[in-house]
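Residues per chain, in single letters:
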Amino acid sequence: MRVTAVLVAYNRRELLRESLAALAAQSRPVDRLVVVDNASDDGSVEAAAEMLEAWGERARHIQLTENTGGAGGFAAGIAAAVVEEDTDWVWVMDDDTVPGPDALAGALATHERYRATGPDDLAVMGSRVVWTDGEDHPMNTPKPKIRASAAERARAASVDAMEIRSISFVSAFLRAARVREQGLPIADYFLWNDDFEYSARLLRGARGLYVPASVVTHRTEKRGSSDQDPGARFFYEVRNKLWVFRCSPALFPWEKALYSAATARRWFRTFRASRDRAQLRDCLRRGWSEGWLRAPRSTRDVLRGAGVPVDVMYEVERLSRLNGR
C-alpha cells in the first residue's frame, strides 16, 4: 500500500514544524507528502520549504494565493494526492496534528488484518485522537455506524476497531479508489462540517473503521469540544450543517432526521455555555439565512484562481464533475 499524507497549514509555524517532524519520523515511512499552505504570512511557508528539502521528490509544497479554509486546502491536497495513480491511501491532517511514531503503521496493520477477514471493502479509517495529556480529545470523537449489523461489528471488533459513519480530518485515512469514485470535499464549506459531510459521503454504502492502534495528538489550546463557545465560527456550523442536510447525498433520510435532532441539542448546549449569546444569535441568523437561500459553490469554482497548480486543478475539475461539487 502506498500512502500520501496531506497536511493543510495556516499560520501555525511552530506546530507545523512539529507535525512535519512527526511525519518524517514514522516507523513505517510515508511514501509521499503534500503540504498545502493557505496563504500563511507567519513564516510557515519558509519553515515548510526548509523541512521538505529532506523529502526530495517525495514531497510537494502547494502555496495557495488566498486562504480557502480547511475545506479548500483539503480539496486541493487530496486532488494532488490522487493525481498519482499508484496512491492507495490519502492520510489527511491539520497542522496542529502530531502523529505518534506508529500512527501510519498501526492503521495499515489494522487494514491488513481486516482484509484477511473478508472483502477488502474499507473506504475510510480514523485514528484515535488524544490531547496533550494523553486523554481522548472530545472534539474528535468518531461517530459510530448506527445501524451496523452484528456481523459488521464483530468483524471490526476482531481487529480491535469500531465501525464508523463519519470521522474528522484531524487524522483520517481515505481510500484513493473511493475518492476517485466520489469526488472531493466541498471547498465552499471553508471550515467546519466539511469533514463530516465528506467522510459520510465516502462511507455511504462502504466500510469505515475507528482504529485505536493509530494515535495522534491534536494540539489545541484547550481540551474541549468544538461547541464550547465557538464565537464567530458558529456561522459556519449553522450554514454548513444546513448544507449537509439540504444539499448533500452523504446521509440517508432517516440519518438526516437523527442528526438534525442531535444538532438542535448541540446548538442548545452551545448557547447555554456561551458568554456572548448576542454574537451566537447573529451567527445563527446569518448562517440560517445563507444555509437555506443558496447551495455551496462547486469546488472547482472556489479553487479556480487560488493558485492551485495546473495538474492539480485539472484533477479538481475532473473530480468536481462526479457530484456537481
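This one's a predicted model, so the numbers in the text were calculated from it and none came from an experiment.

**Focus: the domain arrangement of the protein chain**
In step 1: Domains assigned within the protein chain are domain 1 (3-226 + 296-321) and domain 2 (227-294).
In step 2: Centre-to-centre separation of domain 1 and domain 2, based on C-alpha positions: 24 Å.
In step 3: Taken together, the contact pairs 20 residues of domain 1 with 24 residues of domain 2.
In step 4: Across the interface of domain 1 and domain 2, roughly 2,200 Å² is buried in total on both sides, 59% from carbon and sulfur atoms.

**A few points about the pairing of strand E1 (residues 3-9)**
In step 1: Of all the seven residues making up E1, seven are buried; the element is thus mostly covered by neighbouring parts of the structure.
In step 2: Here six bridges tie E1 to strand E4 (residues 89-94), and the two strands are oriented parallel to one another. Looking at the pairing, valine 6 lines up with valine 92 of E4.
In step 3: The parallel pair E1 and strand E2 (residues 32-37), bridged by helix H1 (residues 13-24), forms a crossover whose chirality is right-handed.

**Details of H1**
In step 1: Helix length check: H1, at 12 residues, gives a terminal C-alpha distance of 17 Å against a target of 16 Å (1.5 Å per residue), a fit within 8%.
In step 2: Within the sequence span of H1, burial applies to Leu16, Ser19, Leu20, Ala22 and Leu23. All buried residues of H1 fall inside an arc of 160° around its axis, so they share one side.

**With respect to the packing of aromatic side chains**
In step 1: Counted according to the given criterion, the structure contains 10 aromatic pairs.
In step 2: Between the aromatic rings of phenylalanine 235 and tyrosine 236, the centroid separation amounts to 5.1 Å while the plane-to-plane angle is 75°, which identifies the pairing as edge-to-face.
In step 3: Exposure remark for phenylalanine 235: the relative accessible area of 9% places this residue in the buried category.
In step 4: Over the ring of tryptophan 254 we find arginine 147; its NZ or CZ atom is 3.9 Å from the centre of that ring.
In step 5: Across from the ring centre of tyrosine 114, 3.7 Å away, lies the NZ or CZ of arginine 155, which sits over that ring.

**Quick look at the UniProt feature "domain: Glycosyltransferase 2-like" (unreviewed entry) in the protein chain**
In step 1: According to UniProt, the positions carrying the feature "domain: Glycosyltransferase 2-like" (unreviewed entry) are residues 5-118.
In step 2: Note that residues 5-118 is 43% helix and 22% strand, and that its end C-alpha atoms are spaced 27 Å apart.

**Some words on the nonpolar core**
In step 1: Core analysis: the biggest nonpolar cluster contains 39 residues, and Ile78, Val90, Val92, Leu174 and Leu303 have the highest contact counts within it.
In step 2: The greatest single-element share of this core, amounting to eight residues, is contributed by helix H3 (residues 69-83).
In step 3: Once residues within four sequence positions are removed from consideration, leucine 174 is found in contact with Ile78, Asp88, Trp89, Val90, Val92, Ala123, Val124, Val179, Tyr198 and Leu202.
In step 4: In terms of nonpolar packing, the next biggest core, distinct from the first, is built from 33 residues, Leu16, Leu122, Met125 and Val170 among them.

**Observations concerning the pattern of salt bridges**
For side chains of opposite charge, pairing can occur when their charged atoms come near one another.
In step 1: Applying the stated criterion across every chain, the model contains 35 salt bridges.
In step 2: One salt bridge connects arginine 115 with glutamate 112, and the closest N-O pair in it is separated by 2.9 Å. Placement of both arginine 115 and glutamate 112 in helix H4 (residues 103-115) is noted, with a separation of three residues, approximately one turn of the helix.
In step 3: Under the relative-accessibility criterion, arginine 115 is labelled partly exposed at 32%.
In step 4: Here glutamate 112 falls in the partly exposed class, since its relative accessible area comes to 40%.

**A few points about helix H10 (residues 277-293)**
In step 1: When the terminal C-alpha atoms of H10 are compared, their 24 Å separation across 17 residues agrees well with the 24 Å that a helix rising 1.5 Å per residue should span.
In step 2: Among the residues making up H10, those that are buried are Leu280, Cys283, Gly287 and Gly291. Relative to the axis of H10, the buried residues are bounded by an arc of 60° and lie together on one face. The outward face of H10, more than 90 degrees from its buried face, is lined by the exposed residues Arg285 and Leu293.
In step 3: At its buried positions, H10 is contacted by helix H8 (234-247) and helix H9 (253-273).

**What to know about the packing of H8 against H9**
In step 1: Running from N to C, H8 and H9 cross one another at 170°; their axes reach a closest spacing of 11 Å. The angle between H8 and H9 falls in the class roughly antiparallel. Across the interface between the two elements, Phe234, Glu237, Val238, Lys241, Val244 and Phe245 of H8 pack against Lys256, Tyr259, Ser260, Thr263, Arg266, Trp267, Thr270 and Phe271 of H9.
In step 2: Looking at side-chain class alone, the contact of H8 with H9 contains seven nonpolar, three polar and four charged residues.

**Points about the packing of H8 against H10**
In step 1: Relative orientation of the contacting elements H8 and H10 amounts to 30°, with a least axis distance of 7 Å. Classified by the angle their axes make, H8 and H10 are roughly parallel. Pair H8 / H10 crosses with right-handed handedness. On H10, the residues touching Phe234, Phe235, Val238, Arg239, Leu242, Trp243 and Arg246 of H8 are Leu280, Cys283, Leu284, Arg286, Gly287, Trp288, Glu290, Gly291 and Trp292.

**Concerning a nonpolar patch on the surface**
In step 1: Together, Trp288, Trp292 and Leu293 give the surface a local cluster of nonpolar side chains, amounting to about 390 Å² of exposed area.
In step 2: Positionally, tryptophan 292 belongs in helix H10.

Conventions and cut-offs
- Residues numbered from 1 in each chain as written.
- Predicted model: local features only at pLDDT ≥ 70, side-chain atom pairs only at ≥ 80, totals over all residues.
- Heavy atoms only, no water.
- Domains from an automatic or database assignment.
- Contact = heavy atoms within 4.5 Å.
- Buried area = accessible area lost by both parts, 1.4 Å probe.
- Buried < 20%, exposed > 50% of the residue type's maximum accessible area, 1.4 Å probe, protein only.
- Helix = DSSP H or I, 4+ residues; strand = E, 2+ residues; numbered from the N terminus.
- Pairing = 2+ DSSP bridges.
- Right-handed = clockwise from strand over helix to strand, strands pointing away.
- Expected span 1.5 Å × (residues − 1).
- Arc of directions from axis to C-beta.
- Phe/Tyr/Trp six-rings, centres within 6.5 Å; stacked < 30°, edge-to-face > 60°.
- Lys NZ or Arg CZ within 6 Å of the ring centre and 35° of its normal.
- UniProt positions renumbered as here; feature names shortened; annotations may be inferred.
- Core = buried A, V, L, I, M, F, W, Y, C linked by side-chain atoms within 4.5 Å.
- Salt bridge = Lys/Arg side-chain N within 4 Å of Asp/Glu carboxyl O.
- Axes fitted to C-alpha atoms, helices over the stretch in contact; angles between N-to-C directions.
- Parallel < 35°, antiparallel > 145°, perpendicular 65-115°, else oblique.
- Nonpolar A, V, L, I, M, F, W, Y, C, P; charged D, E, K, R; others polar.
- Left-handed = near helix turned anticlockwise from the far one by under 90°.
- Patch = residues over 30% accessible without salt bridge, like charges linked within 9 Å, V, L, I, M, F, W, Y side chains within 5 Å.
- Areas by Shrake-Rupley, 256 points an atom, 1.4 Å probe, with all protein chains shown as cover.

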